[in-house]
2 protein chains.
Amino acid sequence: MDIKEIHSPADIKGLSASELIDIAKQFREALLFKLSQHGGHVGPNLGMVEATIALHYVFDSPVDKIVYDVSHQSYVHKMLTGRVDGFIDPAKFDTISGYTEPNESAHDFFTIGHTSTSITLASGLARARDLRGDNENIIAVIGDGSLSGGQAFEGLDSAALLKSNFIIVVNDNQMSIAENHGGIYENLQLLRETDGQAPCNLFKAFGYDYIYVKEGNDIQALIEAFQKVKDIDHPIVVHINTQKGKGYAPAEIDREKWHWEMPFDRQSGELLNIDESEDYNSITGDYLIKEMGRDPMVVAITAGTPTVMGFDAERRRQAGRQFIDMGIAEQDAVSTASGLAKGGARPFFGVYSSFIQRAYDQLSQDVAINGNAAVFGIFAAGVVGMNDVTHLGWFDIPLISNIPNILYLAPTCKEEYLAMLDWAMKQNMMPVAIRVPGGRVISVTDRTFPTDYSNVTAEVVSEGSKVAIIGVGDFFPMAQKTAEILKESGIEATVINPRYVSGLDKELLENLKANHSLVVTLESGLLDGGYGQKVDGFYADCDTIKVLNYGVPKKFLDRYNISDLLTQLRLKPELIAQDIKAQLK
Amino acid sequence: MDIKEIHSPADIKGLSASELIDIAKQFREALLFKLSQHGGHVGPNLGMVEATIALHYVFDSPVDKIVYDVSHQSYVHKMLTGRVDGFIDPAKFDTISGYTEPNESAHDFFTIGHTSTSITLASGLARARDLRGDNENIIAVIGDGSLSGGQAFEGLDSAALLKSNFIIVVNDNQMSIAENHGGIYENLQLLRETDGQAPCNLFKAFGYDYIYVKEGNDIQALIEAFQKVKDIDHPIVVHINTQKGKGYAPAEIDREKWHWEMPFDRQSGELLNIDESEDYNSITGDYLIKEMGRDPMVVAITAGTPTVMGFDAERRRQAGRQFIDMGIAEQDAVSTASGLAKGGARPFFGVYSSFIQRAYDQLSQDVAINGNAAVFGIFAAGVVGMNDVTHLGWFDIPLISNIPNILYLAPTCKEEYLAMLDWAMKQNMMPVAIRVPGGRVISVTDRTFPTDYSNVTAEVVSEGSKVAIIGVGDFFPMAQKTAEILKESGIEATVINPRYVSGLDKELLENLKANHSLVVTLESGLLDGGYGQKVDGFYADCDTIKVLNYGVPKKFLDRYNISDLLTQLRLKPELIAQDIKAQLK
């Protein structure tokens, strides 16, 4: 059977064992066909080919409901549920998302992109089924890495009490994005080594029935296991031992690199477009490694994404015990950082803008109320970041800048970033977050940057009159370019780098009243609750200053085109200049 | 020895077993002396008297560092560390906080009031110690209830890998605030029943060494256990079996009621000031119970605080399986609600404003992106709520109202609350949060309230000119009173109930431009990122309308006096009226 003929899981129900193996081969081929040209999650999908086939062979989706954690392992599921074209037809590669998506298929139940949610989301479906009086199977699929997130543990704990069908498939590929970190992984190892027989069993301790499948890439072994648990009347964990990157040699060997990859040459595994340009990840890693050598109290922390702050395997080795991977546990990372700072260490937690959302309460309670001087690097923030709806970098300014006691700095270039980072890591007065610029590294050598930000004020980069343009962080160059365009019309704009977004330089804003009638704010983030609205609040009772705010409206966008979005939001220097001229008329 | 003579833990080091028992008796007496007059956490502190004495007998605080989870069991710790006056001298009751507080004592390491943080905070102290090359003991104390929070699990998982001293004391009193819920509690029960010998052991599965103390209210048994683990070179869990409410009969019997209590008569256990007035908790509980009878798909969810939504033991019994307690697991509660809504149920999650902070990411990702029509009741929001720095109700508007796709309604009175709640529970279009008014229930019978909020607009309650006052939620009556005062000066203000804070009624705001020059916003929440700043943003480029925003500045306040704070913020009708008159001059 050709996978092109698969339109729904029903199409594979009658196949023989060898036909299923052939299907698996074709799926793996399709994965490599698309991923080598398009990029995406390589390892997680290759490892789950057999399990996904077995799940759909045994269960009757979408009546039976399969919920994938993070859903970066759901590509085969997509092929099995009518979306094979999205993998084998290059023209259709972008018609399907990299995650499960209910708008694409009735077989997808949630739009998911953050980890550790599948058990709790699926438990909601199970509870709803019980209230309805139905009896379909509810299956949560979760990777061993995702188990380290607090939400997964909470879900494991509460769902154990269900008195009805609930199946958790633990896809144990012995890896997170990087290697796993946490005490539970020793128990998973013990379970693998004892073929699931060890009496001390994490899942049983949480209250689950349990079976182990040693050959997690053997379709028949998986079918047998899933048939055993189908229609079970209580919660059970099916622990399957899979190989991440299975079937593609480079991905089997370097499992961290191949978790997610850009387009590559299938033969060699070499990337097609190697970007040798400097990035903020490496700049951060280099800085921290240097500081660690100087000061044994400097600590770099990650929550399962070490390379966001440049900690590839080599830098992790160099850092030794001055590097900590908490597992995919942002809450733990933030609060451990607070404890480290309290204990006299100098912690830096590097995290994606989208993932710091997991730790709002810890930032507020454990860090800010306590005033402990931990440092947070917020990466991939802004419009020029990841463009999947589950990974938007727009929300960190409203999230962090409205917490008292945290200084949220927004550097505009490499030199300013390093100046702020260096000050933050050496002070011991306050919690500091730094919004690492998105996009390409910009180097500025014609401005100097302060070495002390404890009483930070805004920087007036060029002084003009009538209109002042405040460009936040990575949008500062846009403020400069807008001013250049205005100059052609004889308007000398004041250009301001606010340096921080957690508050206002009120003295400067007050002084602008003297000879300005328009203030423009540009921020690479949400307008609602953002920096611009703080400026609006400042001038709200002033009748001589108008304010124009540029930023992102309060919407979730999925796979947007950056340039189109910026044009639509009039976030282009020539459009902003037009608006300003219209206002000044 | 009289406990008045205890100034530091050193004072009890030399005492005999019988002297320690006498000290425990005096502490218990002091607890009841203060709590019966002042109110506070009764059960947790009574249960930990012996363990706290034993901890300070064995360890050398503050060099050895004890971190209490939630810290509502830290009163005896406070008495042992120089703060006994705060319990035995009524004039000094309010000089100490109800939680650990570094500003009070070098023996307190963190300001804590949310659960499940002690392991991760203490692990930070342990890691800092290791970097410094020191060797003091680090002890995290955590209750069995608090173990159900994701942050506790994350901490358990990561701290298990420490290669150094780390002691977790699990204070197992077999209760959360209400009864425990979760699969792990069956394992704790098994461990208690087997005197800690069961081979399937949650803590060992997380990678810990483990000992069990059956007599957790026996000082000598505890001393023996703590001496055994003192200076240990690896992580260990000391599981102690204690009795919540120990030594006070009413609290031993009704452990839920006596978790936290208002002032009471010691003999009878009767409350001294019984407040028979209606409250929003019971109103909510009554509504939900009624709806459950009508619709089997209605579900009430709590994360360990069932009475916030009126679900006392009797309503829990009535609700049967239509009531779910997730444990202290707000992330799980929010995402399970999303799954329930997706599965066709009508979930209501009732939660304190301060605790919903734990689930920002789940609200954004699992609920809002997915658009699942779960309903969230946000209680104790606003200035008139809990006034401890760790329990402030000021942050929920910036938190929730800046997430796309969630409608955040702010009712002004009981009738409007019920109208909004009823609509929210019966619609299936969107996620809805309701900011349940703080303070006393206000009943309004001279206005009618819509039954449909799917295209909600603001309500113009009285139409005037020049000045419009927008009173959000529980501050709406303040807008009305301000208008009454202004009337005396011949100013007819427009009074507006915005009804929702997640967006603006732009048509109305636009129309105000015709005959108003001043718009005033009153909100019982943070100014930064709040509703008023959205209004500021709307009028930012308008030069005929000024805006005055009233609300709370971005600060953490501890144990503030509500009336003083409101005066200071000019949040009193007469002061607002003064400001308005000054602006209109």
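Residues numbered from 1 in each chain as written. Chains lettered and ligands numbered in written order. Predicted model: local features only at pLDDT ≥ 70, side-chain atom pairs only at ≥ 80, totals over all residues. Heavy atoms only, no water.

1. Observations regarding the sheet that holds strand S16 (residues 494-497) of chain B
Residues and elements named next belong to chain B.
Part 1 of the reasoning: With mixed pairing, five strands are arranged side by side in an open sheet as S14-S16-S15-S17-S18. In this open sheet, the two edge strands, each paired with only one partner strand, are strand S14 (459-462) and strand S18 (546-552). Pairs of neighbouring strands in the sheet enclose a mean axial angle of 25°, with direction left out of account. (Pairing = 2+ DSSP bridges. Helix = DSSP H or I, 4+ residues; strand = E, 2+ residues; numbered from the N terminus. Axes fitted to C-alpha atoms, helices over the stretch in contact; angles between N-to-C directions.)

2. Comments concerning the environment of Leu55 of chain B
Residue and element names in this part refer to chain B.
Part 1 of the reasoning: Residue position: Leu55 is located in helix H3 (residues 49-58).
Part 2 of the reasoning: For Leu55, a relative accessible area of 0% translates into the label buried.
Part 3 of the reasoning: Along the sequence, Leu55 and Tyr248 sit 193 residues apart, while their C-alpha atoms lie 22 Å from each other.
Part 4 of the reasoning: Discounting chain neighbours no more than four positions away, the residues touching Leu55 are Ile66, Tyr68, Ile139, Val141, Val169 and Phe226. (Buried < 20%, exposed > 50% of the residue type's maximum accessible area, 1.4 Å probe, protein only. Contact = heavy atoms within 4.5 Å.)

3. Observations regarding the interface of chain B and chain A
Part 1 of the reasoning: Each partner contributes residues to the interface: chain B has 107 residues there, and chain A has 107 residues.
Part 2 of the reasoning: Summed over both sides, the interface of chain B with chain A buries roughly 8400 Å², with 57% coming from carbon and sulfur.
Part 3 of the reasoning: The largest share of the area that chain B buries against chain A comes from Leu131, Glu154 and Phe556 of chain B, three residues that together contribute 9% of it.
Part 4 of the reasoning: Viewed at the interface, chain A and chain B are joined by six salt bridges.
Part 5 of the reasoning: For the salt bridge of Lys534 of chain A with Asp528 of chain B, the shortest nitrogen-to-oxygen distance reads 2.7 Å.
Part 6 of the reasoning: Linking chain B with chain A are 49 residue pairs in polar contact (both at pLDDT 80 or more).
Part 7 of the reasoning: Take the side of chain B that touches chain A: its biggest share by element is ten residues, from helix H6 (residues 118-132) of chain B.
Part 8 of the reasoning: Of the residues that constitute the side of chain B that touches chain A, the class distribution is 41 nonpolar, 44 polar and 22 charged. (Buried area = accessible area lost by both parts, 1.4 Å probe. Salt bridge = Lys/Arg side-chain N within 4 Å of Asp/Glu carboxyl O. Polar contact = N/O pair within 3.5 Å; in protein donor to acceptor, adjacent residues only side chain to side chain. Nonpolar A, V, L, I, M, F, W, Y, C, P; charged D, E, K, R; others polar.)

4. Remarks on the environment of Trp258 of chain B
Residue and element names in this part refer to chain B.
Part 1 of the reasoning: Of note, Trp258 is situated in the loop between helix H11 (249-253) and strand S7 (260-261).
Part 2 of the reasoning: As a C-alpha pair, Trp258 and His41 span 217 residues in sequence and 7.5 Å in three-dimensional space.
Part 3 of the reasoning: Those residues in contact with Trp258, other than ones at most four positions away along the chain, are Val42, Gly43, Pro44, Tyr248, Pro250, Ala251, Phe264 and Gly269.

5. Here's the deal with the relation of the copies chain B and chain A
Part 1 of the reasoning: The operation relating chain B to chain A is a screw motion whose rotation component is 180°, with 0.0 Å of axial translation and a residual RMSD of 0.0 Å. Taken together, these values place the two copies in the relation of a two-fold axis.
Part 2 of the reasoning: Residue by residue, 100% of the interface of chain B is reproduced at the interface of chain A, so both copies engage with the same surface. (Least-squares fit on C-alpha atoms with pLDDT ≥ 70 in both.)

6. Overview of the sheet that holds strand S13 (residues 432-435) of chain B
Residue and element names in this part refer to chain B.
Part 1 of the reasoning: With parallel pairing, six strands are arranged side by side in an open sheet as S9-S8-S10-S11-S13-S12. Each having just a single partner strand, strand S9 (323-325) and strand S12 (407-409) make up the two edges of the open sheet. Sheet twist, expressed as the average angle between the axes of neighbouring strands with direction ignored, equals 20°.
Part 2 of the reasoning: Across four bridges, the pairing between strand S8 (residues 298-302) and strand S10 (residues 346-352) is parallel. Bridge pairing links Ile301 to Phe349 in S10.

7. Digging into a negative patch on the surface
Residue and element names in this part refer to chain A.
Part 1 of the reasoning: Residues Asp2, Glu5, Glu19 and Asp22 make up a contiguous surface patch of negative charge.
Part 2 of the reasoning: Mapping Asp2 onto the fold places it in the segment before helix H1 (17-38).
Part 3 of the reasoning: Residue Asp2 is classed as partly exposed on the basis of its relative accessible area of 31%. (Patch = residues over 30% accessible without salt bridge, like charges linked within 9 Å, V, L, I, M, F, W, Y side chains within 5 Å. Areas by Shrake-Rupley, 256 points an atom, 1.4 Å probe, with all protein chains shown as cover. Lys, Arg positive; Asp, Glu negative; His and termini not counted. Charge placed at Lys NZ, Arg CZ, Asp CG, Glu CD.)

8. Side note on the confidence of the model for chain A
Part 1 of the reasoning: When pLDDT is averaged across chain A, the result is 97; 100% of the residues are at 70 or more.
Part 2 of the reasoning: Reported confidences for the modelled complex are a pTM of 0.98 and an ipTM of 0.98. (pLDDT = per-residue confidence, 0-100.)

9. Quick notes on the pattern of salt bridges
Two side chains of opposite charge can pair, provided their charged atoms sit close to one another.
Part 1 of the reasoning: If you walk through the whole model with that rule in mind, you get 68 salt bridges over all chains.
Part 2 of the reasoning: Asp558 of chain A is the partner of Arg559 of chain A in a salt bridge, and the nearest nitrogen-oxygen pair spans 3.2 Å.
Part 3 of the reasoning: Of the residues examined, Arg559 of chain A reaches a relative accessible area of 34% and is grouped as partly exposed.
Part 4 of the reasoning: Among the residues examined, Asp558 of chain A registers a relative accessible area of 30% and is labelled partly exposed.
Part 5 of the reasoning: Note that Arg316 of chain B and Glu256 of chain B form a salt bridge whose closest N and O atoms lie 2.6 Å from each other. One end of the pair, Arg316 of chain B, is in helix H13 (residues 313-319); the other, Glu256 of chain B, is in the loop between H11 and S7, with 60 residues separating them in the sequence.
Part 6 of the reasoning: Counted as one network, the salt bridges with shared partners bring together Lys290, Glu291, Arg294, Asp422 and Lys426 of chain A.

10. Examining the pairing of S16 of chain B
All names here are of chain B.
Part 1 of the reasoning: Residues Thr494 and Ile496 line one face of S16 and the alternating positions Val495 and Asn497 line the opposite face, and both faces are buried.
Part 2 of the reasoning: Pairing between strand S15 (residues 466-471) and S16: three bridges, direction parallel. Counted as the bridge partner of Ile470 is Ile496 from S16.
Part 3 of the reasoning: Crossover S15 to S16 through helix H19 (residues 476-488) is right-handed. (Right-handed = clockwise from strand over helix to strand, strands pointing away.)

11. Section: the state of the cysteines
What makes a disulfide is a covalent bond joining the sulfur atoms belonging to two cysteines.
Part 1 of the reasoning: Throughout the structure, instances matching the rule amount to zero disulfides over all chains.
Part 2 of the reasoning: Here Cys200 of chain A is not cross-linked by a disulfide; its sulfur's nearest cysteine counterpart is in Cys200 of chain B, at 5.8 Å. (Disulfide = S-S within 2.5 Å.)

12. Remarks on the packing of aromatic side chains
Part 1 of the reasoning: On inspection of all chains with the given rule, the structure shows 38 aromatic pairs over all chains.
Part 2 of the reasoning: The interplanar angle of 10° and the centroid separation of 6.0 Å between the aromatic rings of Phe203 of chain B and Tyr210 of chain B together place this pair among those described as stacked.
Part 3 of the reasoning: On the accessibility criterion, Phe203 of chain B (0% relative accessible area) is buried.
Part 4 of the reasoning: With a relative accessible area of 7%, Tyr210 of chain B lands in the buried category.
Part 5 of the reasoning: These aromatic residues form a ring-pair network of at least three members: Phe153 and Phe206 of chain A together with Phe153 and Phe206 of chain B.
Part 6 of the reasoning: Directly above the aromatic system of Trp258 of chain A lies the positively charged group of Lys257 of chain A, at a separation of 4.7 Å from the ring centroid. (Phe/Tyr/Trp six-rings, centres within 6.5 Å; stacked < 30°, edge-to-face > 60°. Lys NZ or Arg CZ within 6 Å of the ring centre and 35° of its normal.)

13. Details of the side chain of Thr494 of chain A
Residues and elements named next belong to chain A.
Part 1 of the reasoning: Counting through the fold element by element, Thr494 comes out in strand S16 (residues 494-497).
Part 2 of the reasoning: Overall, the relative accessible area of 1% leaves Thr494 in the buried class.
Part 3 of the reasoning: Polar side-chain contacts of Thr494 include one of 2.7 Å to the side chain of His516.
Part 4 of the reasoning: Leaving out residues up to four positions away in the same chain, Thr494 has contacts with Val460, Ser462, Glu463, Gly464, Ser465, Val467, Ala468, Ile469, Leu512 and His516.

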